[in-house]
Amino acid sequence: QVQLVESGGGLVQAGDSLRVSCAASGGTFSAYHTGWFRQAPGKEREFVAAITWSGDYTDYADSVKGRFAISRDNAKNTVTLQMNSLKPEDTAVYYCAGGQLLSRRPRMYAYWGQGTQVTVSS
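This section reports on the structure supplied with the text. Residue indices begin from 1 for each chain and proceed along its sequence in written order. Thresholds applied to this predicted model are a pLDDT of at least 70 for local features of residues and 80 or more for the giving and counting of side-chain atom pairs; totals over whole chains, interfaces and linings are not thresholded and use all residues. Excluding hydrogens and water, the side-chain values take into account all heavy atoms of the structure.

## Let's talk about the pairing of strand β3 (residues 18-25)
Of the two faces of β3, the one holding L18, V20, C22 and A24 is buried and the one holding R19, S21, A23 and S25 is not buried anywhere. In this sheet, β3 lies alongside strand β1 (residues 3-7) in antiparallel orientation, the contact comprising five bridges. Looking across to β3, one finds that Q3 is bridged to S25. Whether two strands pair depends on DSSP finding at least two bridges between them. Helix and strand assignments come from DSSP, with helices taken as H or I runs of at least 4 residues and strands as E runs of at least 2, each series counted from the N terminus. Across six bridges, the pairing between β3 and strand β8 (residues 78-83) is antiparallel. For S21, the partnering residue across the bridge sits in β8 and is T80. When a residue's accessible area, from a 1.4 Å probe over protein chains only, is under 20% of the maximum for its type it is buried; when over 50% it is exposed; and in between it is partly exposed.

Shown next, in the form of structure tokens:
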């Protein structure tokens, strides 16, 4: 059973950068594709970025393309989301998820972390 723990969230100003990380334990995390999702109050959970288990392919939501970068280090069982040029509309709880299919749909991921809050002030 894979456990995921996110870290690195916080309060920043618009235009700042922030890095959130996802640490995995309890299983072969390197065998799973990994996605980052976010959920703002009163809104549905939405796709942000995803990366294959090998790291050779990435996918981004249009709203973050060119500003965010997802990467992974399988030796350390971590996946990182580097967020640049942050905007107030990026404010949400950010979740990492692991699954056997690379998808933009949350329900395709079997393993989830507890989330980390990212708040961007204007």
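Having put the structure on the table, let's press on.
## Some words on the environment of G115
Along the chain, the position of G115 falls in the loop between β10 (111-112) and β11 (116-121). C-alpha separation for the pair G115 and L4, spaced 111 residues apart in sequence, amounts to 9.2 Å. Any two residues whose heavy atoms approach within 4.5 Å are treated as being in contact. Setting aside chain neighbours within four positions, we find G115 in contact with E6, V93, Y94 and Y95.

## Side note on the sheet that holds β8
A sheet is described by the order of its strands in space; here four strands give the open sequence β1-β3-β8-β7, paired in antiparallel fashion. Strand pairing shows two members of the sheet lacking a second neighbour, β1 and β7 (68-73), which therefore form its edges. Strand after strand, the sheet turns through a mean of 15° between neighbouring axes, direction not considered. Under this scheme, a helix contributes an axis fitted over its contacting stretch, all axes are lines through C-alpha atoms, and angles between N-to-C directions fall in the 0 to 180 degree range.

Any link to function would need more than the numbers given here.
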